[in-house]
Amino acid sequence: MHVPLEERETPYYAVIFTSKRTEGDHGYGKMADTMVDMAEQQPGFLGVESYRNAEGAGVTISYWSDLESIRNWKANPVHQLAQQQGKQQWYDQYSVKICKVERTYSFEA
């Protein structure tokens, strides 16, 4: 079981994936679910958040304990297949940013 991010000791890492989808699903939804399921089984995985608007612009942020875990996930063969399919049919554009999380805080009413 993962410790909630708000309770994790920093630092840890965030991979910010921003994208603009193409029209239609073309198997995207199933692969996206598979990627989350697989990432949850990877050493160093801490959590994921994902948002997409009606125009197809989206942000997925995955959280990792260290840079090695991120490299291992990027090298995963099924993840690499998903990346290829993304370039070929699911995305008009995307960008990836890897950030070190130094401090966190939150508010809840």
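Use the structure listed above.
Every value quoted in this text rests on a predicted model; they were computed, and no experiment measured them. (Residues numbered from 1 in each chain as written. Predicted model: local features only at pLDDT ≥ 70, side-chain atom pairs only at ≥ 80, totals over all residues. Heavy atoms only, no water.)

(A) Looking closely at the nonpolar core. The biggest cluster of nonpolar side chains holds 15 residues, and the ones touching the most others in it are Met35, Trp64 and Trp73. Sorting the residues of this core by element identifies strand S1 (12-21), helix H1 (28-40), helix H2 (67-75) and helix H3 (77-90) as the ones contributing at least two each. The element that contributes the greatest number of residues to this core is H1, accounting for 5 residues. Setting aside anything within four residues of it in sequence, one finds Trp64 in contact with Tyr12, Tyr13, Val15, Ala39, Gln42, Pro43, Gly44, Phe45, Leu46, Ser69, Ile70 and Trp73. Tyr12, Ile61, Tyr63 and Val101 belong to the second-largest nonpolar core, a separate cluster that totals 6 residues. (Core = buried A, V, L, I, M, F, W, Y, C linked by side-chain atoms within 4.5 Å. Buried < 20%, exposed > 50% of the residue type's maximum accessible area, 1.4 Å probe, protein only. Helix = DSSP H or I, 4+ residues; strand = E, 2+ residues; numbered from the N terminus. Contact = heavy atoms within 4.5 Å.)

(B) Here's a closer look at unusual backbone geometry. Omega for the bond connecting Thr10 with Pro11 falls within 30 degrees of zero, at 5 degrees, which places this linkage in the cis form. Along the chain, the position of Pro11 falls in the segment before S1. Even without being a glycine, His26 presents a positive backbone phi close to 50 degrees. Relative to the elements of secondary structure, His26 occurs in the loop between S1 and H1. Relative accessible area serves as the criterion here: at 53%, His26 is assigned to the exposed category.

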